[in-house]
Amino acid sequence: MIFVERDDPRDAQATALLDQSYALMVQMFGDATLALSVDDLTAPEVAFFTARRGTIKLGTAALVRHDGYGEVKSMFVEPASRRQGIASALLRGLEDEARELGLPKLMLETGVGLDAGQTMYERHGFAYRGPFAAYDDHPMCRFMEKDLCP
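What counts and how
Residues numbered from 1 in each chain as written. Predicted model: local features only at pLDDT ≥ 70, side-chain atom pairs only at ≥ 80, totals over all residues. Heavy atoms only, no water. Helix = DSSP H or I, 4+ residues; strand = E, 2+ residues; numbered from the N terminus. Pairing = 2+ DSSP bridges. Axes fitted to C-alpha atoms, helices over the stretch in contact; angles between N-to-C directions. Contact = heavy atoms within 4.5 Å. Buried < 20%, exposed > 50% of the residue type's maximum accessible area, 1.4 Å probe, protein only. Arc of directions from axis to C-beta. Core = buried A, V, L, I, M, F, W, Y, C linked by side-chain atoms within 4.5 Å. Expected span 1.5 Å × (residues − 1). Phe/Tyr/Trp six-rings, centres within 6.5 Å; stacked < 30°, edge-to-face > 60°.

Asks: Account for unusual backbone geometry, with residues named and values stated.
Replies: Positive phi, close to 55°, is recorded for Ser74, a residue that is not glycine. Positive phi is not limited to glycine here, since Arg83 has a value of about 65°. Here Arg83 is to be found in the loop between strand 4 (69-77) and helix 2 (86-100).

Pasting the structure below:
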């Protein structure tokens, strides 16, 4: 069974997952990565979550509260645990948190080449859109959103 819960990004297992995620983003996108640091993930406007099976943490995700929407950040599942529903469970946790906070929609930025993630977001009702907030319209970026209102 997969458990999704709020967590501290400074926890050793969470930090190890974030380090893996960051290394992957640098490998794929170089210095253009838009990943948040562990310190950024401890900010008051951020709800950080991990997914675990037993005591082993397998994935991370964060919800950043903005005026009028929530932003999905730091979504990552360790490679050996992919395609087991962990990212979907994390995303449902973020959606539940956003609804509890009264946020009407979720938005995210992802990158070219992260096809499995984009397919998962599409499966959960996300649609492509243009850049938002301070994001640039970069050819390596993909932007998505989901309306949370019934």
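Asks: With reference to specific residues and values, describe the sheet that holds strand 1 (residues 3-6).
Replies: Strand order in the open sheet formed by seven strands is 1-2-3-4-5-7-6, and the pairing between neighbours is mixed. This sheet does not close on itself; its edge strands, each paired only once, are strand 1 and strand 6 (127-129). Adjacent strand axes in the sheet meet at a mean angle of 30° when their direction is disregarded. The pairing of strand 1 with strand 2 (residues 46-53) spans four bridges and is antiparallel. Across the sheet, residue Arg6 finds its bridge partner in strand 2, namely Phe49. The strands touched by helix 1 (residues 12-29) are strand 2, strand 3 (56-66), strand 4 and strand 5 (105-111); relative to strand 3, the strand with the most contacts, the crossing angle is about 75°. The strands that helix 3 (residues 115-123) touches are strand 4, strand 5, strand 6 and strand 7 (141-147); relative to strand 7, the one it contacts most, it runs at about 20°.

Asks: I'd like a rundown of helix 3, residues and numbers included.
Replies: Taken residue by residue, helix 3 has Gln118, Met120 and Tyr121 as its buried positions. The arc enclosing the buried residues of helix 3, seen along the axis, measures out at 160°, which places them on a common side. Residues of helix 3 that are exposed and point over 90 degrees away from its buried face: Asp115 and Arg123. Turning to helix 3, the residues buried within the fold contact strand 4, helix 2, strand 5, strand 6 and strand 7. Gly125, located one to two residues past helix 3, shows a positive phi value of around 95°.

Asks: Please give an account of the nonpolar core that cites residues and values.
Replies: Core analysis: the largest hydrophobic core is formed by 22 residues, its most contacted members being Val72, Met75, Leu90 and Tyr121. Breaking this core down by element, the ones donating at least two residues are strand 2, strand 3, strand 4, helix 2, strand 5 and helix 3. Top element by residues in this core is helix 2. It accounts for five residues.

Asks: Quick rundown of helix 2? Include the residues and the values.
Replies: The terminal C-alpha atoms of helix 2 lie 21 Å apart, and with 15 residues this matches the ideal 21 Å at 1.5 Å per residue to within 8%. Of all the residues in helix 2, the buried ones are Ile86, Ser88, Ala89, Leu90, Leu91, Gly93, Leu94, Glu95, Glu97 and Ala98.

Asks: Tell me about the packing of aromatic side chains, and please be specific about residues and values.
Replies: One pass over the full model with this rule turns up five aromatic pairs. Each ring, one from Phe132 and one from Phe143, has its centre 6.0 Å from the other, and the planes form 85°; the classification is edge-to-face. Here Phe132, found in the loop between strand 6 and strand 7, pairs with Phe143, found in strand 7; they are 11 residues apart in sequence, far enough to count as distant. For Phe132, a relative accessible area of 5% translates into the label buried. One aromatic cluster is present, built from ring pairs that chain together Tyr69, Phe132, Tyr135 and Phe143.

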